Amino acid sequence: MPENFCIIEGRDAVKDFANMPADEIRVNIANRRDKIFLLMEELRRLRIQQRLKGVNEPARVEIEQQKYLSALPFLPPLTEKSLTTYYTIYGAFFGAVILFGALLAPLLEVRIGLGGTSYMDFIHGLHLPEQLAEVDPIVASFCGGAVGAVSALLVVEINNIKQQIHNRCHYCQGAGYLTCGHCVGSGTDPASRESCAFCAGSGKVMCTGCLCTGKQMATEHDPRIDPFT
């Protein structure tokens, strides 16, 4: 089975239906369709209960609260808001490293005497130019390595978030619902001034592109995987 055969699962996890009899294939298709509609009905009822309990949040808030698995081990799930927190932590860490390398390390080494012979004394002992002692190579290596390592980890998480955003449904942008085209989101029929029959007065209709999941989906006739197109 080729590496890119399935766009959702990996090659090791995807089920191979090549050896399944035709009758069994027909039964499995019907069962999976029934399961999809069952889950859709449960999702509809959950949305109703969410609205009845007064926690029907705007679509933008729901999207911001969506959690994604971190690309780094031992880290909690990511949200768009937590990525902003990561930026703040990175900025504070970067400032602390600069403070340590430029002020704290020279103060501890030269004035307080910690760390043994200062780097300036070492340069003088070897009768080398004093310009070499302006930057301690050990402190510089530590500071540069720390900033580089943390920057690489931050870039990994940023790319992870960008990939998750890219995987959102192009039609509803991850909300799972679209504005009702008949009442334009007002929930009221513009002709009869009664509750809109198309969205049941909610002002929103199900996104058929993602089946309310907010994710890009592979349909039965997706041109990316259909071998007969």
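A. Representation of the side chain of Ser70. Tracing the sequence through the fold places Ser70 in the loop between α2 (59-65) and α3 (80-111). Within the structure, the side chain of Ser70 is placed 3.2 Å from the backbone nitrogen of Leu72, a separation counted as a polar contact. At 2.5 Å, the side chain of Ser70 and the side chain of Glu157 are in polar contact. Discounting residues that sit within four places of it in the chain, Ser70 has contacts with Leu75, Pro76, Pro77, Leu78, Glu157 and Asn160.

B. Representation of the pattern of salt bridges in the model. Evaluation of the coordinates by the stated rule reveals 1 salt bridge. The shortest N-O distance in the salt bridge between Asp23 and Arg26 comes to 3.0 Å. Here Asp23 pairs with Arg26, and both are found in helix α1 (residues 22-52), just 3 residues apart, close to one helical turn. By relative accessible area, which is 54% here, Asp23 ends up exposed. When its relative accessible area of 54% is taken as the criterion, Arg26 is described as exposed.

C. Geometry of the packing of aromatic side chains. Taken as a whole and judged by the stated rule, the model has 2 aromatic pairs. A ring pair is formed by Tyr90 and Phe94, whose centres lie 6.3 Å apart and whose planes are at 25°; its orientation type is stacked. Here the residue Tyr90 and the residue Phe94 both occupy positions in helix α3, the gap between them amounting to 4 residues, near one helical turn. Summarising the aromatic geometry, the rings of Phe100 and Phe142 are spaced 5.8 Å apart at their centres and angled 75° between planes, so their arrangement reads as edge-to-face. Taken together, the residues Phe100 in helix α3 and Phe142 in helix α5 (residues 137-166) connect sequence positions 42 residues apart. A cation over a ring is seen here: Lys204 above Tyr177, with NZ or CZ 5.3 Å from the ring centre.

Here is what the cut-offs are and how they apply
- Counting from 1, residues in each chain are numbered in the order their sequence is written.
- Where totals are concerned, whole chains, interfaces and linings use all residues; where local detail is concerned, this predicted model gives features only for residues with pLDDT of at least 70, and gives and counts side-chain atom pairs only at 80 or more.
- Hydrogens and water are ignored here; the side-chain numbers use all heavy atoms of the structure.
- What counts as a helix is a DSSP run of H or I of at least four residues, what counts as a strand is a run of E of at least two, and both are numbered from the N terminus.
- Here a polar contact is recorded for every N or O atom pair within 3.5 Å, except that within protein the pair must consist of a potential hydrogen donor and a potential acceptor, and residues adjacent in sequence are included only if both atoms are side-chain atoms.
- By the convention used here, residues are in contact when the closest approach between their heavy atoms is within 4.5 Å.
- Salt bridge, as used here, is a side-chain nitrogen of Lys or Arg placed within 4 Å of a carboxyl oxygen of Asp or Glu.
- For each residue, the accessible area found with a 1.4 Å probe, counting protein chains only, is set against the maximum for its type, and the residue is called buried under 20%, exposed over 50%, and partly exposed in between.
- For this analysis, a ring pair means two rings from Phe, Tyr or Trp (six-membered ring only for Trp) whose centres lie within 6.5 Å, classed as stacked if their planes differ by under 30 degrees, edge-to-face if by over 60, and tilted for the remaining angles.
- Whether a charge lies above a ring is judged from NZ of Lys or CZ of Arg, which has to be within 6 Å of the ring centre and within 35 degrees of the ring normal.

Functional significance is not addressed by these values, which are geometric in nature.
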